[in-house]
Amino acid sequence: KHMENSSSKDKSTVYGAIGLAVFLIFFGISYLIPNFLPEGSMFIVAGSLILLVNLVKSLKDLDWDGLEILFGIAFLISGLNKVLKLEISFVPVVIIILAIFYLFKNIKKLKDGQIFS
């Protein structure tokens, strides 16, 4: 039965399901064939898929989740650190990402004519 009170924010999309299926395929391959993918590549795949799903949702005018985007960026940075041995500090990156979200949120408010918070 469909719930009458559920909003579109509570429902998962087919884009998320496709992203999960692709991740599970890579996850299965990494266990089926050990050392096939370098250490940290699963984090890169997961982060990229999370970001890609939210990008597609945003392009389709669906609700995207800022927390999911932060997790995607965290996974991506963690994976890149392991694969490329970049030694990027995580805290400054999170601060920059949060500031960028805050900036875009307020620019959107300004475009909508909302001057006071």
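Residues numbered from 1 in each chain as written. Predicted model: local features only at pLDDT ≥ 70, side-chain atom pairs only at ≥ 80, totals over all residues. Heavy atoms only, no water.

Caption draft 1: View of a nonpolar patch on the surface. Taken together, Ile96, Ile100, Leu103, Phe104 and Ile107 make up a surface patch of nonpolar side chains, about 460 Å² in accessible area. Within the secondary structure, Ile100 sits in helix 4 (residues 90–111). (Patch = residues over 30% accessible without salt bridge, like charges linked within 9 Å, V, L, I, M, F, W, Y side chains within 5 Å. Areas by Shrake-Rupley, 256 points an atom, 1.4 Å probe, with all protein chains shown as cover. Salt bridge = Lys/Arg side-chain N within 4 Å of Asp/Glu carboxyl O. Helix = DSSP H or I, 4+ residues; strand = E, 2+ residues; numbered from the N terminus.)

Caption draft 2: Expanded view of the packing of aromatic side chains. One pass over the full model with this rule turns up four aromatic pairs. Measuring from centroid to centroid gives 5.9 Å for Phe43 and Phe75, while their planes differ by 40°, and the two rings are tilted. On the criterion of sequence distance, the pair formed by Phe43 in helix 2 (residues 41–59) and Phe75 in helix 3 (residues 66–84) is long-range, its members being 32 residues apart. Since its relative accessible area comes to 32%, Phe43 is described here as partly exposed. Judged by relative accessible area, Phe75 falls into the partly exposed class, the value being 29%. Feature note: the residues Phe23, Phe27 and Tyr31 constitute an aromatic cluster, connected by ring pairs. (Phe/Tyr/Trp six-rings, centres within 6.5 Å; stacked < 30°, edge-to-face > 60°. Buried < 20%, exposed > 50% of the residue type's maximum accessible area, 1.4 Å probe, protein only.)

Caption draft 3: Expanded view of the nonpolar core. Grouped together as the largest cluster of nonpolar side chains are five residues: Ile69, Ile73, Ile77, Val93 and Ile97. Every element with two or more residues in this core is listed here: helix 3 and helix 4. Excluding its chain neighbours within four sequence positions, the residues that come into contact with Ile77 are Phe90 and Val93. (Core = buried A, V, L, I, M, F, W, Y, C linked by side-chain atoms within 4.5 Å. Contact = heavy atoms within 4.5 Å.)

Caption draft 4: Region of interest: unusual backbone geometry. The phi torsion at Asn35 lies on the positive side, around 65°, for a residue other than glycine. Position of Asn35 relative to the elements: it lies in the loop between helix 1 (14–32) and helix 2. Unlike most non-glycine residues, Asp61 shows phi in positive territory, near 60°. Here Asp61 lies in the loop between helix 2 and helix 3.

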